[in-house]
Amino acid sequence: MEHTADGDGGDPGRSGVPAEPGTPSDADRFHVEIVRAGGARKSGTVVLAPVGELDYDTVAPFLAALEAHAGAERVVVDCSRLLFCDSTGLNALLRARSRVLPEGGRLDLAGLRPPVDRMFEITGARTVFRVYEDVGEALADAWPGNRS
């Protein structure tokens, strides 16, 4: 398992003013773990596991992880440790999916937790992605014969 850069923790925030003591930094609230399965960095299947709260303030490391693995045939986003996702995170997923589809790739979701799943359900985005109960089920899917 590899961790992406999730901020240096020294970022004082957009205002340039250090965070209040005891206030979690964006890096404390969110990071992305990268699990490679079935191939090298720019091919095969990559599993990205966002951890924490994905929102406007924390989307940068998620976008960086998606971009770093843009050449993968398939990206599975393991949402089992994603506590929150706002429209910024949803848009990042939709844009990433739109980039991989024309090249025959796929971006799938696994392990949606109730708060995040509800947002996907309300927006209709759940019907856009293939959604699996967990990463094991996603990886067991014989996807090459099932591209869509």
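Residues numbered from 1 in each chain as written. Predicted model: local features only at pLDDT ≥ 70, side-chain atom pairs only at ≥ 80, totals over all residues. Heavy atoms only, no water.

Participant: I'd like a rundown of the state of the cysteines, residues and numbers included.
Facilitator: Under the definition given, this model contains zero disulfides. As a non-bridged cysteine, Cys-79 has Cys-85 as the owner of its nearest cysteine sulfur, 7.4 Å distant. (Disulfide = S-S within 2.5 Å.)

Participant: Summarise the pairing of strand S6 (residues 106-110); cite the residues concerned and give the values.
Facilitator: The buried fraction of S6 amounts to five of the five residues, a majority that puts the element mostly inside the structure. By the bridge criterion, five bridges tie strand S4 (residues 74-78) to S6 in an arrangement that is parallel. Its bridge partner being in S6, Val-77 is matched across the sheet by Leu-109. Between the parallel pair S6 and strand S7 (residues 131-132), the chain is carried across by helix H4 (residues 114-123), and the sense of this crossover is right-handed. (Buried < 20%, exposed > 50% of the residue type's maximum accessible area, 1.4 Å probe, protein only. Helix = DSSP H or I, 4+ residues; strand = E, 2+ residues; numbered from the N terminus. Pairing = 2+ DSSP bridges. Right-handed = clockwise from strand over helix to strand, strands pointing away.)

Participant: How would you summarise the packing of helix H2 (residues 59-68) against helix H3 (residues 87-100) if you had to cite specific residues and measurements?
Facilitator: Two elements in contact, H2 and H3, have axes separated by 10 Å at closest approach and are oriented at 10 degrees. With respect to H3, the axis of H2 lies roughly parallel. Within the contact between the two elements, H2 uses Val-59, Phe-62, Leu-63, Leu-66 and Glu-67 and H3 uses Thr-88, Ala-92, Leu-93, Arg-95, Ala-96 and Arg-99. Split by residue class, the contact of H2 with H3 holds seven nonpolar, one polar and three charged. (Axes fitted to C-alpha atoms, helices over the stretch in contact; angles between N-to-C directions. Parallel < 35°, antiparallel > 145°, perpendicular 65-115°, else oblique. Contact = heavy atoms within 4.5 Å. Nonpolar A, V, L, I, M, F, W, Y, C, P; charged D, E, K, R; others polar.)

Participant: Which residues make up the environment of Tyr-132, and what values go with them?
Facilitator: Within the element layout of this structure, Tyr-132 appears in strand S7. Taking the C-alpha atoms as reference, Tyr-132 lies 7.9 Å from Asp-108; in sequence the two are 24 residues apart. A distance of 2.9 Å separates polar atoms of two side chains, one belonging to Tyr-132 and the other to Arg-106. (Polar contact = N/O pair within 3.5 Å; in protein donor to acceptor, adjacent residues only side chain to side chain.)

Participant: Would you mind going over the confidence of the model for the protein chain in detail, with residue names and values included?
Facilitator: Summing up the model confidence of the protein chain, the mean pLDDT is 80 and the portion of residues at 70 or higher is 72%. Within the model, pLDDT remains below 50 along residues 1-23, and this stretch shows 26 contacts once partners closer than five positions in the same chain are excluded. (pLDDT = per-residue confidence, 0-100.)

Participant: Just give me the short version of the packing of aromatic side chains, but keep the residues and values in it.
Facilitator: All chains considered together, the criterion is met by two aromatic pairs. Each ring, one from Phe-30 and one from Phe-62, has its centre 6.5 Å from the other, and the planes form 85 degrees; the classification is edge-to-face. Of this pair, Phe-30 sits in strand S2 (residues 30-37) while Phe-62 is found in helix H2, placing the two residues 32 residues apart along the sequence. Given a relative accessible area of 1%, Phe-62 falls into the buried group. One cation-aromatic arrangement involves Arg-97 over Phe-129; the distance from NZ or CZ to the ring centre is 6.0 Å. (Phe/Tyr/Trp six-rings, centres within 6.5 Å; stacked < 30°, edge-to-face > 60°. Lys NZ or Arg CZ within 6 Å of the ring centre and 35° of its normal.)

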